Amino acid sequence: DMKVTQMPRYLIKRMGENVLLECGQDMSHETMYWYRQDPGLGLQLIYISYDVDSNSEGDIPKGYRVSRKKREHFSLILDSAKTNQTSVYFCASSSRQGRSDYTFGSGTRLLVI
Amino acid sequence: GDSVTQTEGQVALSEEDFLTIHCNYSASGYPALFWYVQYPGEGPQFLFRASRDKEKGSSRGFEATYNKETTSFHLQKASVQESDSAVYYCALGETSSFSKLVFGQGTSLSVVP
């Protein structure tokens, strides 16, 4: 079953707490992504990972870091969460051979209070 | 850098109306162009793509033609249904990065019976 799985689906955190968002894929895709989605702004790229331990900043990396120790798993970490990081976070994966057809997860809705 | 602009933030139609969602891009070279669709509570799904001038992409009754002269990739459907209500994203594959997609702001389509 080809899919991207995100956990958790919903998360409420207090300002200053650490946040861990998990993403897994079962397609052996080399490339994985973290996006955030905000009204009127569309999808903004936070980080891209080309493979294990090969990560690059996207367009809005400030306040975030990532970890990819296995090809099928990609984590997004918010150290000391801020209220402006309240958003919907999407993970996606793609194959280099597929020329950028992304498969997205269902998202994690994060509320920082 | 490369960018995508969707003119309409929201579109409201009745069933069987004709749909056009405008998408214009700014990029060097020949980027690949994409349409993604996002239903409520889900992640975006790949709809179709086009990779060269005058190529038509299509899926599920939706279509768009790559126009390099006008730098456009407008989404059209002849007769929309209530089930087409969703957010539609235009995207381009950056010529400088094999895997990176740049998304437009998204257009929310609402179709009433």
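Check the entry above for the structure.
Notes on the structure follow.

What counts and how
- Residues numbered from 1 in each chain as written.
- Chains lettered and ligands numbered in written order.
- Predicted model: local features only at pLDDT ≥ 70, side-chain atom pairs only at ≥ 80, totals over all residues.
- Heavy atoms only, no water.
- Helix = DSSP H or I, 4+ residues; strand = E, 2+ residues; numbered from the N terminus.
- Rg over C-alpha atoms; globule rule 2.2 N^0.38 Å.
- Buried < 20%, exposed > 50% of the residue type's maximum accessible area, 1.4 Å probe, protein only.
- Contact = heavy atoms within 4.5 Å.
- Areas by Shrake-Rupley, 256 points an atom, 1.4 Å probe, with all protein chains shown as cover.
- Lys, Arg positive; Asp, Glu negative; His and termini not counted.
- Charge placed at Lys NZ, Arg CZ, Asp CG, Glu CD.
- Patch = residues over 30% accessible without salt bridge, like charges linked within 9 Å, V, L, I, M, F, W, Y side chains within 5 Å.
- Salt bridge = Lys/Arg side-chain N within 4 Å of Asp/Glu carboxyl O.

1. With respect to the overall build of chain A
Summing up its helical and strand segments, chain A has zero helices and eleven strands in all. Mapped in sequence order, the helices and strands of chain A form the string β-β-β-β-β-β-β-β-β-β-β. Since a compact globule built from 113 residues should have a radius of gyration of about 13 Å, the 13 Å found for chain A is in line with a globular shape. Along the first, second and third principal axes, the C-alpha atoms of chain A reach 40 × 25 × 25 Å. Across the 113 residues that make up chain A, the buried fraction comes to 50%. Sequence separation of 24 or more characterises 54% of the internal contacts of chain A that already satisfy a separation of 6 or more. Carbon together with sulfur atoms contributes 50% to the accessible area of chain A, which is approximately 5,500 Å² in total. Placing the 15 positive and 13 negative side-chain charges of chain A at their respective mean positions leaves the two points 4 Å apart.

2. Quick look at unusual backbone geometry
Following M7 of chain A, the chain continues to P8 of chain A via a peptide bond in cis, the omega torsion being -10°. When you line up the elements, P8 of chain A lands in the loop between β1 (4-7) and β2 (10-13). Backbone geometry places D53 of chain A, a non-glycine residue, at a positive phi of 55°. Structurally, D53 of chain A can be placed in the loop between β5 (42-51) and β6 (54-57). In this structure, K54 of chain B takes a positive phi of about 70° despite not being glycine. Its place among the elements puts K54 of chain B in the loop between β6 (45-50) and β7 (56-59). A residue is classified by how much of its surface remains accessible, and K54 of chain B, at 67% relative accessible area, is exposed.

3. So, a nonpolar patch on the surface
Residues and elements named next belong to chain A. A cluster of nonpolar side chains, namely I12, L111 and I113, defines an oily patch on the protein surface of about 290 Å² accessible area. As for its placement among the helices and strands, L111 is situated in strand β11 (residues 108-112). Under the relative-accessibility criterion, L111 is labelled partly exposed at 38%.

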